[in-house]
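Overview (structure and organization)
Here is how the chains run, residue by residue.
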Amino acid sequence: MTIKVDDSISLELLDDIHAVPILNIIEANRNYLKEWLPWVDNMQTIGDFKNYIVKCKKQHDEGSDLGYVIIFKKTVVGRIGLHNIDQQNKIASIGYWLDENYTSKGIISKSCKAIINYAYHTLDLNRIEIKCGTGNNKSRSIPEKLGFKKEGTLREAELVNNTFIDLYIFSMLKNEWSG
């Protein structure tokens, strides 16, 4: 399943064909990504990433996660997903990361808009959350640009590089979304 974002960006459901390009991006951006993402050091080999893809496919089949690769001008440049999908309460969270060479081009903002529209109009969700490290200004700018409301700070909510970091939590309700 593919979500067309615009003429140069699309979101493709994560599959085995994406293992090598994604692992290559992780390798090229390891220090950049691991500053804010706790899983980076767990992705060392193609086998590690293939195991991750198997887990993602299982979660997809269960309806609890939709993981996509971000394609920009026919090149895999990052990941985005709807995580912790809770159909009972109509809630999900968005996670994203991008090859550093492709930041500041609007790719994540546009991809978030597309996945939010999908969540509200196809999955009939009511609430979307985005969490990010309190010091991660680039990531924090995404929910702010999209009009999400900052609800507060989750204290020491994520272990990154053996240090617990605080996370901001942002939310958007379906009736507030104008995207």
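Here goes a summary of the coordinates provided. Counting from 1, residues in each chain are numbered in the order their sequence is written. Totals for whole chains, interfaces and linings use all residues, but because this is a predicted model, local features are given only for residues with pLDDT of at least 70 and pairs of side-chain atoms are given and counted only at 80 or more. Side-chain figures throughout are based on the complete set of non-hydrogen atoms in the structure, without hydrogens or water.

Points about the overall build of the protein
- Each helix is a run of DSSP H or I of at least 4 residues and each strand a run of E of at least 2, with the numbering of both proceeding from the N terminus. Scanning the protein for helices and strands turns up 5 helices and 8 strands.
- Listed N to C, the secondary structure of the protein is β-β-α-α-α-β-β-β-α-β-α-β-β in terms of helices and strands.
- Taken along its principal axes, the extent of the C-alpha atoms in the protein is 40 × 35 × 35 Å.
- Exposure classes here rest on a 1.4 Å probe applied to the protein chains alone. A residue is buried below 20% of its type maximum, exposed above 50%, and partly exposed in between. Out of the 179 residues in the protein, the part that is buried amounts to 44%.
- The contact definition used throughout considers only heavy atoms, calling two residues in contact when any of these lie within 4.5 Å. Taking the contacts inside the protein whose residues are at least 6 apart along the sequence as the reference set, 59% of them involve residues at least 24 apart.

Some thoughts on the sheet that holds strand β3 (residues 66–72)
- Following DSSP output, two strands are said to pair if at least two bridges run between them. Strands sit in the order β1-β2-β3-β4-β5-β6-β8-β7 across an open sheet of 8 strands; the sheet is mixed. Pairing within the sheet leaves two strands with one partner each, and these edge strands are β1 (2–4) and β7 (149–160). On average, each strand axis in the sheet is inclined to that of its neighbour by 25°, with strand direction left out of account.
- Bridge analysis of β7 against strand β8 (residues 163–173) gives 8 bridges, and the strand direction is antiparallel. Of the residues in β8, the one forming a bridge with Thr153 is Tyr168.
- The strands touched by helix α1 (residues 19–28) within the sheet are β3, β4 (75–86) and β5 (91–98), with β4 carrying the most contacts at an inclination of about 100°. Where helices are involved, their axes are fitted lines through C-alpha atoms of the stretch in contact, as for all axes, and angles between N-to-C directions lie from 0 to 180°.

Things to note about the environment of Gln44
- Checked against the element boundaries, Gln44 lands in the loop between α2 (30–34) and α3 (46–62).
- Residue Gln44 is classed as partly exposed on the basis of its relative accessible area of 42%.
- Every residue in contact with Gln44, bar those within four places of it in the chain, is listed here: Leu23, Glu27 and Arg30.
- Here Asp41 takes part through its backbone oxygen, which lies 2.9 Å from a polar atom of the side chain of Gln44. Definition of a polar contact: a pair of N or O atoms within 3.5 Å, with one able to donate and the other able to accept a hydrogen when the atoms are protein atoms, and with sequence-neighbouring residues admitted only if both atoms are side-chain atoms.

Considering the pairing of β4
- For β4, the buried fraction is high: 9 of the 12 residues fall into the buried class.
- The sheet contact formed by β3 and β4 spans 7 bridges and is antiparallel. Paired with Phe72 across the two strands is Thr75, which belongs to β4.
- Counting the residues in the hairpin turn of β4 and β5 gives 4 residues, including Lys90, whose phi is positive at 60°.

Considerations on the nonpolar core
- In terms of nonpolar packing, the biggest core is built from 36 residues, with Ile70, Ile80, Leu82, Ile94, Cys112 and Ile128 touching the most fellow members.
- Elements that contribute at least two residues to this core include exactly β2 (9–13), β3, β4, β5, α4 (107–121), β6 (127–133) and β8.
- Broken down by element, this core gets its largest block of residues, 9 residues, from α4.
- Those residues in contact with Ile80 that lie beyond four places of it in its chain are Leu11, Leu66, Gly67, Tyr68, Ile70, Ile94, Gly95, Tyr96, Ser111, Cys112 and Ile115.
- Here, the term nonpolar core denotes a set of buried Ala, Val, Leu, Ile, Met, Phe, Trp, Tyr and Cys residues that are joined through side-chain atoms within 4.5 Å. Counting 16 residues, the second largest nonpolar core, distinct from the first, contains Leu33, Met43, Val69 and Val76.

Structural notes on α3
- To estimate the expected span of a helix, count its residues, drop one, and scale the result by 1.5 Å. Taking 1.5 Å as the rise per residue, α3 with 17 residues should run 24 Å; its terminal C-alpha atoms sit 24 Å apart, in good agreement.
- All buried positions along α3 are accounted for by Phe49, Ile53 and Cys56. The arc that holds the buried residues of α3, viewed along the axis, is 65°, so those residues lie on one side. Exposed and oriented more than 90 degrees from the buried face of α3 are Asn51, Val54, Lys58, Asp61 and Glu62.
- Residues of α3 that are buried in the fold lie against α1 and β4.
- Just downstream of α3, Gly63 is the residue with a positive phi angle, here 80°. Note that the arc is computed from the directions linking the helix axis to the C-beta atoms.

Just distances and angles here, no functional claims.
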